[in-house]
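In case you want the letters, here they are:
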Amino acid sequence: IIFIDVQRFSQFVQVTRKFPDVFLWSANVINNGKIAALHTIDGLPTNVSMEEELGRSHFFLPPSTGRVFLRGGVGLRLHQLFLQDPTAYMNPQSQEKAIRKIEGRLSINFIAMLGRHLPAAAEYVLQARKYGDEHAITYLAYTNDNKSLMVYMPFTVAHASFSSQKIIDQAIEMYQNIKIESKKPWKFDLASLKLPTRGNV
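Quick caveat, the model's predicted, so the values are computed rather than measured.

A. Molecular detail of the overall build of the chain. Helix and strand counts for the chain stand at 8 helices and 5 strands. The linear arrangement of helices and strands in the chain, starting from the amino end, is β-α-β-α-α-α-α-β-β-α-α-β-α. When each of the 201 residues of the chain is scored for burial, the buried share is 51%. Taking the intrachain contacts of the chain between residues at least 6 apart in sequence as the baseline, contacts between residues at least 24 apart amount to 81%. Only carbon and sulfur atoms are counted for the fraction: they give 51% of the accessible area of the chain, which is about 9,900 Å².

Given below as structure tokens:
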């Protein structure tokens, strides 16, 4: 992680506590396939494949497909677009889009989980040793037990690189000596926040 919006980190904690039944929360992560697809839905330029990133079983597609975690050029482009206009990515278009539901696998680059869910998370990891913890606590939890996976969009972090992208040095250089902040304030109203019922939209 090479950038964290520390001003809104407390919001992320408060939202996690407000909805204790949510199994897993993610920040709004720059250079994350599914979240980049959400940005595309919101009209932001990302150049990601919607079909491949939002498909419930996209993890099992052949490696020749265009998923973000395999494409270093796309990762660098996502960082570049964010740095050109941070406000567009840090401020949801409406209160209704502050929280987004994820269906299927999600890269767990920056997540939160209440302690009450840790025993179940451990069980999923034991069940899915072949595929790893990320697959276990997102794809398996959602597919087998319909566990809720949510993204809090007003809290933004930047994920430098997946190992397969091989862009970590370039990404770090892009963020050096740059002040990143939203030019517009986000009105945080915890009481008004509601969980979405539809996923990947």
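More follows now that the structure is in view.
B. How the structure looks around unusual backbone geometry. The backbone of N146 sits at a positive phi, close to 55°, despite the residue not being glycine. Here N146 lies in the loop between α7 (133-145) and β5 (149-158). For N200, which is not glycine, the phi dihedral falls at a positive 60°. Along the chain, N200 turns up in the segment after α8 (168-175). In this structure N200 comes out as buried when scored by relative accessible area, which is 10%.

C. Here's a closer look at the side chain of N91. Tracing the backbone through its elements, the reader meets N91 in the loop between α5 (86-90) and β3 (99-102). Engagement of the side chain of N91 in a polar contact is seen with the backbone oxygen of K184, the distance being 2.9 Å. In this view, N91 contacts R8, S182, K184, P185 and W186; residues no more than four positions away in its chain are not counted.

D. Main features of the packing of helix α4 (residues 72-84) against α8. Direction vectors running N to C along α4 and α8 enclose 5°, while the axes themselves pass 10 Å from each other. Accordingly, the angle class assigned to the pair α4 and α8 is roughly parallel. Facing L76, H79, Q80, F82 and L83 of α4, the residues of α8 in contact are Q170, A171, M174 and Y175. In terms of residue class, the contact of α4 with α8 is made up of 6 nonpolar, 3 polar and no charged.

E. Representation of the nonpolar core in the model. With 34 residues, the main nonpolar core has F23, W25, I99 and Y152 as its most contacted residues. Of all the elements in the fold, those that place two or more residues in this core are α1 (9-18), β2 (24-30), α2 (33-41), β3, α6 (118-127), α7 and β5. It is β5 that contributes the most residues to this core, 7 residues altogether. Ignoring sequence-local partners within four residues, the contact set of Y152 consists of Q11, F12, V15, W25, S26, A27, N28, A98, I99, W186, F188 and L193. Formed by 10 residues, the second largest nonpolar core is a distinct cluster that contains F3, L44, F82 and Y175.

F. Structural view of the environment of L149. Relative to the elements of secondary structure, L149 occurs in strand β5. Exposure remark for L149: the relative accessible area of 0% places this residue in the buried category. Linking L149 and Y139, residues 10 residues apart in sequence, is a C-alpha distance of 9.6 Å. Look past the residues within four positions of L149 in its chain and what remains in contact with it is F23, L24, R100, K101, I102, G104, I137, T138 and Y142.

G. Layout of the packing of α6 against α7. Where α6 contacts α7, the axes come no closer than 8 Å and their chain directions differ by 105°. One way to sum up the angle between α6 and α7 is to call them roughly perpendicular. Seen from α6, the contacting residues are A121, Y124, V125 and Q127; seen from α7, they are D133, A136, I137, L140, A141, N144 and D145.

H. Region of interest: α1. Taken together, the buried positions of α1 are Q11, F12, V15 and T16. Relative to the axis of α1, the buried residues are bounded by an arc of 135° and lie together on one face. Next to the buried residues of α1 lie β2, β3, β4 (111-112) and β5.

Thresholds, definitions, all that
Residues numbered from 1 in each chain as written. Predicted model: local features only at pLDDT ≥ 70, side-chain atom pairs only at ≥ 80, totals over all residues. Heavy atoms only, no water. Helix = DSSP H or I, 4+ residues; strand = E, 2+ residues; numbered from the N terminus. Buried < 20%, exposed > 50% of the residue type's maximum accessible area, 1.4 Å probe, protein only. Contact = heavy atoms within 4.5 Å. Areas by Shrake-Rupley, 256 points an atom, 1.4 Å probe, with all protein chains shown as cover. Polar contact = N/O pair within 3.5 Å; in protein donor to acceptor, adjacent residues only side chain to side chain. Axes fitted to C-alpha atoms, helices over the stretch in contact; angles between N-to-C directions. Parallel < 35°, antiparallel > 145°, perpendicular 65-115°, else oblique. Nonpolar A, V, L, I, M, F, W, Y, C, P; charged D, E, K, R; others polar. Core = buried A, V, L, I, M, F, W, Y, C linked by side-chain atoms within 4.5 Å. Arc of directions from axis to C-beta.

Read these as spatial facts, not as claims about activity.
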